[in-house]
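The lines below spell out each chain.
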Amino acid sequence: MPKRGKSSRSGFATAAKPRVLFVDDAPELLDLYEDGLSEVYQVITVSNGRDAIGMVKRNPAIDAAVIDYSLPDISGIEVMKEIKDFAPRIPVIIATAYGDEEVAVAAFRSGARDYLKKPFNISELCAKLDFFLALKNTDKHARKNAVFEGTDGRSLAVKPPGTVSFKQHHKIQTAVRFINDNYRNDVSLDDVAKAAAMSP
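None of these values were measured; they are calculated from a predicted model.

## Digging into the sheet that holds strand β5 (residues 114-117)
- With respect to topology, five strands assemble into an open sheet ordered β2-β1-β3-β4-β5, the strand pairing being parallel. The outermost strands of the open sheet, each flanked by one partner alone, are β2 (42-46) and β5. The sheet shows a mean angle of 20 degrees between the axes of neighbouring strands, taken without regard to direction.
- In the packing of helix α5 (residues 101-109) onto the sheet, contacts are made with β4 (92-96) and β5, and the angle to β5 comes to roughly 150 degrees.

## A word on the pattern of salt bridges
- Evaluation of the coordinates by the stated rule reveals six salt bridges.
- With a shortest N-O distance of 3.1 Å, Arg 19 and Asp 63 are connected by a salt bridge. Of the two residues, Arg 19 is situated in strand β1 (residues 19-23) and Asp 63 in the loop between α3 (49-58) and β3 (64-68); the sequence distance between them amounts to 44 residues. With respect to class, Arg 19 is no different from Asp 63; both count as buried.

About the cut-offs
- Residues numbered from 1 in each chain as written.
- Predicted model: local features only at pLDDT ≥ 70, side-chain atom pairs only at ≥ 80, totals over all residues.
- Heavy atoms only, no water.
- Pairing = 2+ DSSP bridges.
- Helix = DSSP H or I, 4+ residues; strand = E, 2+ residues; numbered from the N terminus.
- Axes fitted to C-alpha atoms, helices over the stretch in contact; angles between N-to-C directions.
- Contact = heavy atoms within 4.5 Å.
- Salt bridge = Lys/Arg side-chain N within 4 Å of Asp/Glu carboxyl O.
- Buried < 20%, exposed > 50% of the residue type's maximum accessible area, 1.4 Å probe, protein only.

Pasting the structure below:
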């Protein structure tokens, strides 16, 4: 079955919570996601790659995905690639028990936003998800704020009130680049803030 547990059965009714898809063939881990994260996210769980792809095709409004590297039918990397073919803006975190460098490099080269080695701390996962969800939201606002020029060369669009400024968006992009460039190192929040000229 593509959906499990009480939080999955609720479907997509709770619009206020970010919709996060968790893909793993370990039932105990899917239960942990549902029990531990359903108050923060709308948790959707599936136990194989094909169900994950079908879930995103039916529900393209999923906000993020956490995909296990080793699934029973196809690899987590292949799942991510197929998802990104029709929903390229979904940030994906690859989770794996195989902590070697080759897996991390393959994940990043294929479009993963991050990589987590099992066992990982749930609070660490939440921090990463919250960061990428905020970044996705910022990127959405930046696209809405794009300035178009009329025939006279003057701006036709201005930034709507209450959205993120281009300067803030640039700082966030700088932070993301710093994290991507230093993913092999132990990077602190203070390091990222300093690189992007932001407060932690």
